[in-house]
Amino acid sequence: MQKIKSLMARQGLKSPQESMSDLSPVENLRIPSKEELRELRQQPIDPQAEQEIINSIEEVYFSSDSFDMVRHELEKLPPELNLQELEEHRDKLKRQQAAVSKKVADLILEKQPAYVKELERVTALQTNLQLAAVICTNARRQLRGAKEGFTEASLGLLANQRRRQLLTGLLKSLRTIKTLQRTDVRLSEMLEEEDYPGAIQLCLECQKAASTFKHYSCISELNSKLQDTLEQIEEQLDVALSKTCKHFDILHYTKVQRAYSLLGKTQTAMDQLHMHFTQAIHNTVFQVVLGYVELCAGNADTKFQKMQYKDLCTHITLDSYIPCLTDLCKALWEVMLSYYRTMQWHEEHDKQEAAPTPDDAAAGSDELSVDRSYVKKKLEHGLTRIWQDVQLKVKAYILGTDMSNFKYDDFIVVLDVISRLMQVGEEFCGSKSEVLQESIKRQSVNYFKNYHRARLEELRMFLENETWELCPVKSNFNIAQLHEFKFMGQCRSPSISPSRQSVSSSVPPQEELSLFQLHLQDGNPFEMHIDHKEEETEDVLASNGYESDEMEKSVYQDYDSDSDVPDELKQDYVDEQTGDAPLKSVSKETMRSKKKSDYNLSKVNAPILTNTTLNVIRLVGKYMQMMNILKPIAFDVIHCVSQLFDYYLYAVYTFFGRNDMPVPSPSLPTYGGREAATTRVVGPACLYESSGLGLISSRLRTTLNRIQENLIDMDPVGENAGVHGPAEDRKEKVPSPHLSQLVVLTNSGTLYGLAQRVVATESLVFLAEQFESLQSHLDTMMPAAKKPFLQQFYSQTVSTASELRKPIYWIVAAKAIDYEQMLLLMAGVKWDIKEIMSQHNIYVDILLKEFEQFNKRLSDVSRHVRIPLPVSNVLWEHCIRLANRTLVEGYSNVKKCSNEGRALMQLDFQQFLMKLEKLTDLRPIPDKEFVETYIKAYYLTENDMEQFIKNHREYSMKQLANLVNVCLGSHINKKARQKLLAAIDDIDRPKR
């Protein structure tokens, strides 16, 4: 490069290059001189060799213009210099320099025309630039003059206007900032007014406005203040949300939900709501129980506030238990009602928001749909959770107190409250309330076991002190009139409140309202049950045993006077040709006989029962109330109900059914079969039992044995506890009752206590009838697996009550008439007479006088106690059967008898029947054929007699043998006699 420069310097070019010295870096380049070009041309021209020389030049020589080649070469010299090597290296460098110079000279020569041309253009450009400089100088001079004259003033006005606009915007911003800083006052006012949506809307708008002016330094503090205010609003909003758990208000809840929606926290609000409901349940029950505990504790120093809820429940006293339970359920009802109304609000709100939305709101609609779905699922799931919390709180309260010593009415109130609460739970979330059922069942079983044991002991005390006097009740008495059976008259399912019944009765069944619908706005299903039990009073007792004195008087007047009997009914004749009475004719004797035998109208036709019977009926009603309310223990209750009836039946039988009776076994007397005839008892018993007709059926005997084995403690003192079973089994049994000493059953003037027997027996029959009327209701309460027990109880026990009439009234019939005297009188009659008699024997008149006396006594008793027609029929049947069997027994004692004697027997019997039919309306006369057949058997031949013996086993062996012996000599020989006696012995042999 230096070589080129030196060449150009030597050439001496001045004017173009000097003038352009400031325009280009090539200004110092010059064209090589002619000598140099000639020198270069004289060197050998070999392009390839020349190129190789150029290529051999080190790269560093082409690096930059600041390269110091001299220094580079000097640094390359070895430490020890060699002249020859230095010369060789010098020659190499010269060759390289010559090659480069030649190459540069060739290039310069090649480009010289273009260089000259371009140099001319540069010169022309320089001239033009000088002219432009002159023009610009003139323009600047003129512009300076214009500025001074006009433009400076106008532009000043424009600048001031622009500054004014900026200041106006600034003022507006400052005023907005000032307003933002004062919004906290308005926000406080809105929060006091509970305008949460407005407060949140204002706060959000303020935050948005503050973000617009964030370039101001004062805004950062305002942003922080607004954020604190928003958090404060959320806290107050949470408090407002918690208030809806106890007292739901639609407007209040709507504001809260709108506020949460503005915050975009709908799902969070629902989570918080469920937490508040759970907390509300806990706080509510704790405060209610705590209030009663502190009230009952008075000034005690015990720190109840710090107690756990479960421990707190154990401090509730018996007096405050029911009021506390009621208030507890009322408070929990308010919480559940609030939850129900919350769900109702969301359902209606969802329906309103389900309307079609424009396309531009599709995205927002999707988000709302997700929120609604979440809220719906959360609320549905919360139903079970809320009810479970309620159950656990009430369970802790129920099990915190021992209810075994509660009064019955109080315990029924507890059951009714809990049952109604379970109904609330079923309507609330469809739950069967297993937790409540288990807890109340545990208490009920414990209570009922103690209660039933006490009632059985109480029943025994009643029975042992019962004088079996008639309890005067009205003729229209019905168990539905008793308080204990009012629940059946309401025809309601267990636990339905009276308020619901009143509403349900006024609307069709398909429109029956739930408890939540009934009490949606006001009222409480737990408010009415305490007082309603005193709303009505019972009116079942009659004054002095009669409906009224006038009614009693009219009854006797109707029977003591024939003035109102039509004449055609007073006729007293029989058509001798036909033997029939005239159509619609009744004799006066028949009317009188009806007066004497139909004792059903001697008093008003009121039920026969005692105070003890009424007490048992009330107990049954109470048991059924408990069973109706608490179905899980239905079987236990019905079993106890059956024990009440069993014990009453056993007591009646024990008091009146086995006095002075044969006792072939140590447990229960047996009155059937011929074997009883061998027992040493009074004559009438032998006569009756010899027929083979039992007084006690096998079904009744089985029932009595079962009662004695399962219910009666035969060793109440405890001498033989090991014999009668373990103590646990004996604990469930009751000692056998004893008849009160005030009841006298040995006085013949009162027909051996007939009035007491009638009252006792017919009260049992009445009790059985009431049980029959309750069967359908009990059947609906009984679990399906236990229904056979109920059916067996009715078929084997209740239905046997009327069968006790036979053994009880038989004792009266056996003692009321002197059958032994009649046998003695018959023994003194001579039957082997030779002529037919027209006059009957005296023993018939004496027997009829006995019956008349019996009828009179029966009438006397009926003036004190109504004797129902079935009772009079049983009494007459017993007396007539005993009389007829006594006649057969008397006839069988005859040693000798003629045909005329047999005719006398028939005359005596016909006279007896004719007079007897005037005393009683009982038709047909019992055992009439029994006597007639025995009398007529005297006339049978040998073969007929043998067939008679085989076919008529109702007669005793003695009676049949006597029949054969009496016929001996008349139409039966000794051989036939032996044969017939052998036949009788064959019949009797299997029974020995």
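Residues numbered from 1 in each chain as written. Predicted model: local features only at pLDDT ≥ 70, side-chain atom pairs only at ≥ 80, totals over all residues. Heavy atoms only, no water.

- Per an unreviewed UniProt entry, the chain goes by the name VPS50 EARP/GARPII complex subunit and belongs to Kryptolebias marmoratus.

1. A short note on the overall build of the chain
Thinking step 1. For the chain, the helix and strand inventory stands at 36 helices and two strands.
Thinking step 2. Per-residue burial over the chain gives 42% buried out of 992 residues.
Thinking step 3. Taking the intrachain contacts of the chain between residues at least 6 apart in sequence as the baseline, contacts between residues at least 24 apart amount to 78%.
Thinking step 4. A total of about 53900 Å² of accessible surface is found on the chain, and carbon and sulfur atoms cover 52% of it. (Helix = DSSP H or I, 4+ residues; strand = E, 2+ residues; numbered from the N terminus. Buried < 20%, exposed > 50% of the residue type's maximum accessible area, 1.4 Å probe, protein only. Contact = heavy atoms within 4.5 Å. Areas by Shrake-Rupley, 256 points an atom, 1.4 Å probe, with all protein chains shown as cover.)

2. A short note on the nonpolar core
Nonpolar side chains tend to gather and get buried jointly when the protein is soluble and globular.
Thinking step 1. Judged by nonpolar contacts, the single largest core of 228 residues is most densely connected at Phe-851 and Phe-912.
Thinking step 2. Sort the elements by how many residues they give to this core and helix H22 (residues 634-656) lands first, with 16 residues.
Thinking step 3. Leaving out residues up to four positions away in the same chain, Phe-851 has contacts with Ile-817, Trp-876, Cys-879, Ile-880, Ala-883, Phe-912, Leu-916 and Leu-919. (Core = buried A, V, L, I, M, F, W, Y, C linked by side-chain atoms within 4.5 Å.)

3. A closer look at the confidence of the model for the chain
Thinking step 1. Residues of the chain with pLDDT of at least 70 account for 74%, and the chain-wide mean is 77.
Thinking step 2. Scored below 50 in pLDDT, residues 491-510 makes 34 contacts in the model with residues more than four places away or belonging to other chains.
Thinking step 3. pLDDT under 50 marks residues 660-682. Its contacts with residues more than four places away, or in other chains, come to 53 contacts. (pLDDT = per-residue confidence, 0-100.)

4. Overview of the pattern of salt bridges
Thinking step 1. Inspection of the entire model under this criterion finds 27 salt bridges.
Thinking step 2. Put simply, Glu-73 and Lys-76 hold a salt bridge, and the shortest N to O gap is 4.0 Å. On the criterion of helical spacing, the pair formed by Glu-73 and Lys-76 is a turn pair, its members being three residues apart in helix H5 (residues 69-76).
Thinking step 3. Its salt-bridge partner being Lys-102, residue Asp-106 comes within 3.3 Å of it at the nearest N-O pair. (Salt bridge = Lys/Arg side-chain N within 4 Å of Asp/Glu carboxyl O.)

5. Some details on unusual backbone geometry
Peptide bonds are trans in most cases, and residues, glycine excluded, mostly fall at negative phi.
Thinking step 1. Between Arg-923 and the following residue, Pro-924, the backbone shows a cis peptide bond with an omega angle of -10 degrees.
Thinking step 2. Tracing the backbone through its elements, the reader meets Pro-924 in the loop between helix H32 (899-919) and helix H33 (928-936).
Thinking step 3. If you check the backbone angles, Trp-468 has positive phi at about 60 degrees while not being a glycine.
Thinking step 4. For Trp-468, the position within the fold is in the loop between helix H15 (434-465) and helix H16 (486-489).
Thinking step 5. The exposure class of Trp-468 is buried, given its relative accessible area of 1%.
Thinking step 6. A positive phi angle, close to 55 degrees, is found at Tyr-752, a residue other than glycine.

6. Comments concerning the packing of helix H26 (residues 754-781) against helix H27 (residues 787-796)
Thinking step 1. Packing of H26 against H27 brings their axes to within 11 Å, and their N-to-C directions diverge by 175 degrees. In terms of axis orientation, H26 runs roughly antiparallel to H27. Residues Phe-771, Glu-772, Leu-774, Gln-775, Leu-778 and Asp-779 of H26 pack against Lys-787, Leu-790, Phe-793 and Tyr-794 of H27.
Thinking step 2. Along the lines of polarity and charge, the residues of the contact of H26 with H27 split into six nonpolar, one polar and three charged. (Axes fitted to C-alpha atoms, helices over the stretch in contact; angles between N-to-C directions. Parallel < 35°, antiparallel > 145°, perpendicular 65-115°, else oblique. Nonpolar A, V, L, I, M, F, W, Y, C, P; charged D, E, K, R; others polar.)

7. Points about the side chain of Ser-431
Thinking step 1. Topologically, Ser-431 is positioned in the loop between helix H14 (408-429) and H15.
Thinking step 2. We classify Ser-431 as buried; its relative accessible area is 16%.
Thinking step 3. If we ignore the near neighbours within four places in the chain, the residues touching Ser-431 are Trp-387, Gln-391, Gly-425 and Glu-426.

8. Focus on the environment of Ser-433
Thinking step 1. Of note, Ser-433 is situated in the loop between H14 and H15.
Thinking step 2. Considered as a pair, Ser-433 and Met-422 are 11 residues apart in the sequence and their alpha carbons are 6.0 Å apart.
Thinking step 3. Within polar-contact distance, the side chain of Ser-433 engages the side chain of Trp-387 at 3.4 Å. (Polar contact = N/O pair within 3.5 Å; in protein donor to acceptor, adjacent residues only side chain to side chain.)

9. Focus on a nonpolar patch on the surface
Thinking step 1. Together, Met-69, Val-70, Leu-74, Leu-77 and Leu-81 make up an exposed nonpolar region whose accessible area comes to about 470 Å².
Thinking step 2. Looking at the secondary structure, you find Leu-74 in helix H5. (Patch = residues over 30% accessible without salt bridge, like charges linked within 9 Å, V, L, I, M, F, W, Y side chains within 5 Å.)

10. Observations concerning the packing of aromatic side chains
Thinking step 1. The full count for this structure, using the stated rule, is 32 aromatic pairs.
Thinking step 2. Relative to Tyr-891, the ring of Trp-831 lies with its centre 5.8 Å away and its plane at 85 degrees, an arrangement referred to as edge-to-face. Taken together, the residues span a long stretch of sequence, with Trp-831 in the loop between helix H29 (819-827) and helix H30 (842-862) and Tyr-891 in helix H31 (residues 869-892) at a distance of 60 residues.
Thinking step 3. Taking the relative accessible area as the measure of exposure, Trp-831 reaches 3% and is therefore buried.
Thinking step 4. Here the aromatic cluster, defined as three or more aromatic residues joined through ring pairs, consists of Tyr-408, Phe-411, Tyr-447, Phe-448, Tyr-451 and Tyr-623.
Thinking step 5. A cation over a ring is seen here: Arg-455 above Tyr-451, with NZ or CZ 4.5 Å from the ring centre.
Thinking step 6. Seen from the ring of Phe-930, Arg-885 lies directly overhead, with NZ or CZ sitting 4.8 Å from the centre. (Phe/Tyr/Trp six-rings, centres within 6.5 Å; stacked < 30°, edge-to-face > 60°. Lys NZ or Arg CZ within 6 Å of the ring centre and 35° of its normal.)

11. A closer look at the side chain of Asp-927
Thinking step 1. Within the element layout of this structure, Asp-927 appears in the loop between H32 and H33.
Thinking step 2. Overall, Asp-927 belongs to the buried group, its relative accessible area being 12%.
Thinking step 3. Dropping the residues within four chain positions of it, Asp-927 is found in contact with Arg-881, Asn-884 and Arg-885.

12. Points about the state of the cysteines
Thinking step 1. For the coordinates displayed, the defined rule picks out zero disulfides.
Thinking step 2. Of all cysteine sulfurs, the one in Cys-324 lies closest to Cys-313, which takes part in no disulfide; the gap is 7.5 Å. (Disulfide = S-S within 2.5 Å.)

13. Some points on the environment of Thr-920
Thinking step 1. Following the sequence through the fold, Thr-920 ends up in the loop between H32 and H33.
Thinking step 2. Its relative accessible area of 1% is what places Thr-920 among the buried residues.
Thinking step 3. Once the C-alpha coordinates of Thr-920 and Glu-877 are considered, the two residues, 43 residues apart in sequence, prove to be 9.9 Å apart.

14. A few points about the packing of H22 against H27
Thinking step 1. At a minimum axis separation of 11 Å, H22 and H27 run at an interaxial angle of 10 degrees. The orientation of H22 with respect to H27, classified from their angle, is roughly parallel. With respect to the hand of their crossing, H22 and H27 are arranged in left-handed fashion. Together, Phe-635, Ile-638, His-639, Ser-642, Phe-645 and Asp-646 of H22 and Phe-789, Leu-790 and Phe-793 of H27 make up the contact between the two elements.
Thinking step 2. Per-class residue counts for the contact of H22 with H27 are six nonpolar, two polar and one charged. (Left-handed = near helix turned anticlockwise from the far one by under 90°.)

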